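# Close look at the chain arrangement
What follows is each chain in one-letter form.
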Amino acid sequence: MNKKILGLATAALLSLSMSLQAAPVTIKFSHVVAENTPKGQMANEFKRLVEANEKLKDKVVVEVYPNSQLFGDNKVLEAMLLGDVQIAAPSLSKFKKYTKQLQLFDLPFLFKDMAAAEKFQQGPEGQELLNAMKKKGLVGLGYLHNGMKQLSASNPLRVPADAAKQKFRIMSSDVLVEQFEAVKAVPVKKPFSEVFTLLQTKAIDGQENTWSNIYSKKFFEVQPYITESNHGLLDYMVVTSEEFWSGLDKDVQAELKTAMDKAIALGNKVAAEKAESDKKTIAESGRSEIIELSDEDRQKWVDIMKPVWKKFEKEVGAENIAAAQKAGE
Ligand code: SIN
C-alpha cells in the first residue's frame, strides 16, 4: 500500500470511529409546578448533579421543563411511553390509568404526618409499589415529598357541612371524588395548570393542595380562606420508562440513580422547610385567613371521610392500608 492510500484509509477509519461515538442521551424532565417548589428544586438539582458528574460528561444531557411548559398532567405519561419525555414526577394521584394500587396514597386521613408517609414509602410495601406499573412500561425511581394537603375555599370551612354543594377542583383520582362526595361537595377533575383561573373566575369554589403549591401558584390570592386540615398527602413518584431505563449502559444508569437519590433528598428537605415558610408567608400576606380546626371539628372531617377507605380496600390492598397506618404509630 502506498503512502497516499494508507493516509486515505486512516482518515476514513478516524471519521468512522468519530461517527460511531455515541451522541449524548437527552433526558427531558417535564413537570407542572413552579421552580421554587420541592419538585422544581429537585428537578434542577438533578440536572446540576448530572452536569457536575465527570462520569456522565458528554454522555447525558438533562433538560428541565417546569410549569406544564412541555406536557401537562394528562399527557406526560403517554408522552413518556412514546419516548418524548424521559423523567417526570406526577403526584401519586395521577397514575390511575396505569395502576389502581397507588390510589392508596389518596385515602383521606391515612397518613398521620410526613414522617409516617416517609416510613411507609421506604418500607417493603412502599418499595414494592415503585414497581406497580412495570408491566405498563413505567418504573418508579423513588418517592418525593411535597406535603399534607389543606382545603382552600371562598367560604370558611370549619365543619364538613360547610363544604356541601361547593365545587372543589381535584386531581384525576376516584378516591378524591369519593372524599368530596362524602361531604356532599361537588368534585371537578381539572389539570393543575387551570386551577388559578378556575378559582379567580369563581368557576369553582375551592381546591385542596399543599402550602407550597397554594403559595407558588398564588391560589391564596384568590381564596379568602384556607382550612389547615392536613387531611391527605400530596407526594410524587419519580418515574421513567422501562424501555428508556433498561436501555442505558449500566454504569450510566447507576450514576443517574445516585444523582436522583441525592436530588430527592434535597427536594424532601425543601418540602419540609416550605410547609412551614410558605404557610407563614401566606398568613403574613393577609390575603387568606388560615382556619385552625379544633380537635373536635377535625374529628368530624375524619369520621365522615374515613369510610371512603372501605370502598378502595380491594384495589389498594388491605395490607397496604394496615402498613400505612402502622407507619404512624
Ligand atoms: C403537583 O404538585 O405536581 C400538582 C398538584 C396538583 O395537581 O394539584
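To be clear, the structure that these remarks concern was listed above.
Residues numbered from 1 in each chain as written. Predicted model: local features only at pLDDT ≥ 70, side-chain atom pairs only at ≥ 80, totals over all residues. Heavy atoms only, no water.

### Comments concerning the packing of aromatic side chains
If you walk through the whole model with that rule in mind, you get seven aromatic pairs. Taking 5.7 Å as the distance between ring centres and 25 degrees as the angle between the ring planes, the aromatic pair formed by Tyr 215 and Phe 220 counts as stacked. Using a relative accessible area of 6% as the deciding quantity, one classes Phe 220 as buried. Connected via pairs of aromatic rings, a cluster forms that spans Phe 105, Phe 111, Phe 120 and Tyr 143. (Phe/Tyr/Trp six-rings, centres within 6.5 Å; stacked < 30°, edge-to-face > 60°. Buried < 20%, exposed > 50% of the residue type's maximum accessible area, 1.4 Å probe, protein only.)

### Concerning the pairing of strand 4 (residues 138–153)
The buried fraction of strand 4 amounts to 16 of the 16 residues, a majority that puts the element mostly inside the structure. Inspection of the sheet shows strand 4 paired to strand 8 (residues 225–241) by 13 bridges, in the antiparallel sense. When the sheet's bridge partners are listed, Ser 152 is paired in strand 8 with Ile 226. Pairing of strand 4 with strand 7 (residues 206–209), which is carried by four bridges, proceeds in the antiparallel orientation. In the strand pairing of strand 7, Ala 153 is matched with Gly 206. (Helix = DSSP H or I, 4+ residues; strand = E, 2+ residues; numbered from the N terminus. Pairing = 2+ DSSP bridges.)

### Focus on the nonpolar core
Counting 60 residues, the largest nonpolar core has Phe 29, Met 42, Phe 46, Val 238, Leu 256, Met 260 and Trp 301 as the members making the most contacts within it. For this core, the element with the highest residue contribution is helix 10 (residues 250–285), accounting for seven residues. Aside from chain neighbours lying at most four places away, what touches Phe 46 is Phe 29, Val 62, Ile 87, Leu 256, Ala 259, Met 260 and Ala 263. In terms of nonpolar packing, the next biggest core, distinct from the first, is built from 36 residues, Ala 88, Val 175, Val 308 and Ala 327 among them. (Core = buried A, V, L, I, M, F, W, Y, C linked by side-chain atoms within 4.5 Å. Contact = heavy atoms within 4.5 Å.)

### Digging into the site of the ligand
As a matter of local geometry, the ligand sits amid Val 32, Val 33, Lys 39, Lys 94, Arg 169, Met 171, Phe 192, Asn 209, Asn 213, Leu 234 and Tyr 236. Within the contact set of the ligand, an oxygen atom lies 2.9 Å away from a side-chain nitrogen or oxygen of Asn 209. For the ligand, whose free accessible area comes to 260 Å², the fraction covered by protein is 100%. Each residue belonging to the shell around the ligand can be placed in one class, and the counts come to six nonpolar, two polar and three charged. (Near = heavy atom within 4 Å. Polar contact = N/O pair within 3.5 Å; in protein donor to acceptor, adjacent residues only side chain to side chain. Areas by Shrake-Rupley, 256 points an atom, 1.4 Å probe, with all protein chains shown as cover. Nonpolar A, V, L, I, M, F, W, Y, C, P; charged D, E, K, R; others polar.)

### As for unusual backbone geometry
In this model, Phe 109 sits at a positive phi of 60 degrees, which is unusual for a non-glycine residue. Within the secondary structure, Phe 109 sits in the loop between strand 3 (87–88) and helix 4 (114–122). Positive phi is not limited to glycine here, since Lys 184 has a value of about 65 degrees. Judged by relative accessible area, Lys 184 falls into the exposed class, the value being 64%.

### Remarks on the pattern of salt bridges
Per the counting criterion, the structure on display carries 18 salt bridges. Between Glu 255 and Lys 55 there is a salt bridge whose closest N-O contact spans 3.5 Å. Of this pair, Glu 255 sits in helix 10 while Lys 55 sits in the loop between helix 2 (38–52) and strand 2 (60–65), and the two are 200 residues apart along the sequence. A residue is classified by how much of its surface remains accessible, and Lys 55, at 55% relative accessible area, is exposed. (Salt bridge = Lys/Arg side-chain N within 4 Å of Asp/Glu carboxyl O.)

### Side note on the packing of helix 12 (residues 308–316) against helix 13 (residues 318–326)
When two helices pack together, their arrangement is captured by the angle between the axes and the distance separating the axes. The geometry of helix 12 relative to helix 13 is characterised by a closest axis approach of 7 Å and an angle of 115 degrees between their N-to-C directions. Relative to helix 13, the element helix 12 is oriented roughly perpendicular. Only Ala 318, Asn 320, Ile 321 and Gln 325 of helix 13 make contact with helix 12, whose side of the interface consists of Trp 309, Glu 313 and Val 316. (Axes fitted to C-alpha atoms, helices over the stretch in contact; angles between N-to-C directions. Parallel < 35°, antiparallel > 145°, perpendicular 65-115°, else oblique.)

### Topic: helix 10
In this model, helix 10 (36 residues) spans 50 Å end to end at C-alpha, consistent with the 52 Å of a helix rising 1.5 Å per residue. The largest bend in helix 10 is about 35 degrees, located at Lys 274. (Expected span 1.5 Å × (residues − 1). Bend = angle between axes of the 7 residues up to and from the residue.)

### A short note on the environment of Asn 131
By secondary structure assignment, the location of Asn 131 is in the loop between helix 5 (124–129) and strand 4. Judged by its relative accessible area of 38%, Asn 131 is partly exposed.

### Some thoughts on the packing of helix 6 (residues 174–182) against helix 12
Axis separation between helix 6 and helix 12 bottoms out at 10 Å; the angle between their running directions is 165 degrees. Between helix 6 and helix 12, the interaxial angle falls into the category roughly antiparallel. Note on packing geometry: the crossing formed by helix 6 with helix 12 is right-handed. On helix 12, the residues touching Asp 174, Val 175, Glu 178, Gln 179 and Ala 182 of helix 6 are Val 308, Lys 311 and Phe 312. Tallied by class, residues from the contact of helix 6 with helix 12 come to four nonpolar, one polar and three charged. (Left-handed = near helix turned anticlockwise from the far one by under 90°.)

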